[in-house]
Amino acid sequence: MCYGHNNQSSLSRSSLRRRSYDGDSDDTVVDDLRDRLAETEARLRRARAREAELSRRLEQMKRFVSVMEIIETFLERRFQEQKDRIGRLFSPLSTK
């Protein structure tokens, strides 16, 4: 998925930033950490939104499966009823 690609570019940016810290002020370090935190929070928001969407879709699928099971049970019962009815129609008549 694209997660690996995002992590690679993020890691390479972080490595480049770390190398530039040598002569920079603490303000640059703090700004960089804030940027990285904002990126992490954005990724977390996207992950939570994706999780919510997947949970919603899972619940829809569960409802669909439940409905299909109800229909399957109904059709099996109807099939058996019709099979029994045909069996009675074609069974030899009992003599009285």
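Residues numbered from 1 in each chain as written. Predicted model: local features only at pLDDT ≥ 70, side-chain atom pairs only at ≥ 80, totals over all residues. Heavy atoms only, no water.

Visitor: Would you mind going over the overall build of the chain with me for this structure?
Guide: For the chain, the count of helices and strands is two helices and zero strands. Of the roughly 8,900 Å² of accessible surface on the chain, 58% is carried by carbon and sulfur atoms. (Helix = DSSP H or I, 4+ residues; strand = E, 2+ residues; numbered from the N terminus. Areas by Shrake-Rupley, 256 points an atom, 1.4 Å probe, with all protein chains shown as cover.)

Visitor: Is there a simple way to explain the pattern of salt bridges in this structure?
Guide: Scanning the entire structure with this criterion turns up five salt bridges. With a closest N to O distance of 2.7 Å, Glu-53 and Arg-56 form a salt bridge. Placement of the pair is Glu-53 and Arg-56 together in helix H2 (residues 26-90), with a separation of three residues, close to one helical turn. The class for Glu-53 is partly exposed, based on a relative accessible area of 29%. Across the salt bridge formed by Glu-81 and Arg-77, the nearest N and O atoms sit 3.9 Å from each other. Of this pair, Glu-81 and Arg-77 both sit in helix H2, four residues apart, roughly one helical turn. (Salt bridge = Lys/Arg side-chain N within 4 Å of Asp/Glu carboxyl O. Buried < 20%, exposed > 50% of the residue type's maximum accessible area, 1.4 Å probe, protein only.)

Visitor: What exactly am I supposed to notice about the UniProt feature "coiled-coil region" (unreviewed entry) in the chain here?
Guide: When the UniProt feature table is mapped onto this chain numbering, "coiled-coil region" (unreviewed entry) sits at residues 30-64. In this annotation, residues 30-64 is assigned 100% helix and 0% strand; the end-to-end C-alpha distance for the span is 51 Å. (UniProt positions renumbered as here; feature names shortened; annotations may be inferred.)

Visitor: Would you mind showing me how to read a nonpolar patch on the surface here?
Guide: A cluster of nonpolar side chains, Phe-64, Val-65, Val-67, Met-68, Ile-71, Phe-74 and Leu-75, forms an exposed patch at the surface whose accessible area comes to about 640 Å². By the secondary structure assignment, Leu-75 is in helix H2. (Patch = residues over 30% accessible without salt bridge, like charges linked within 9 Å, V, L, I, M, F, W, Y side chains within 5 Å.)

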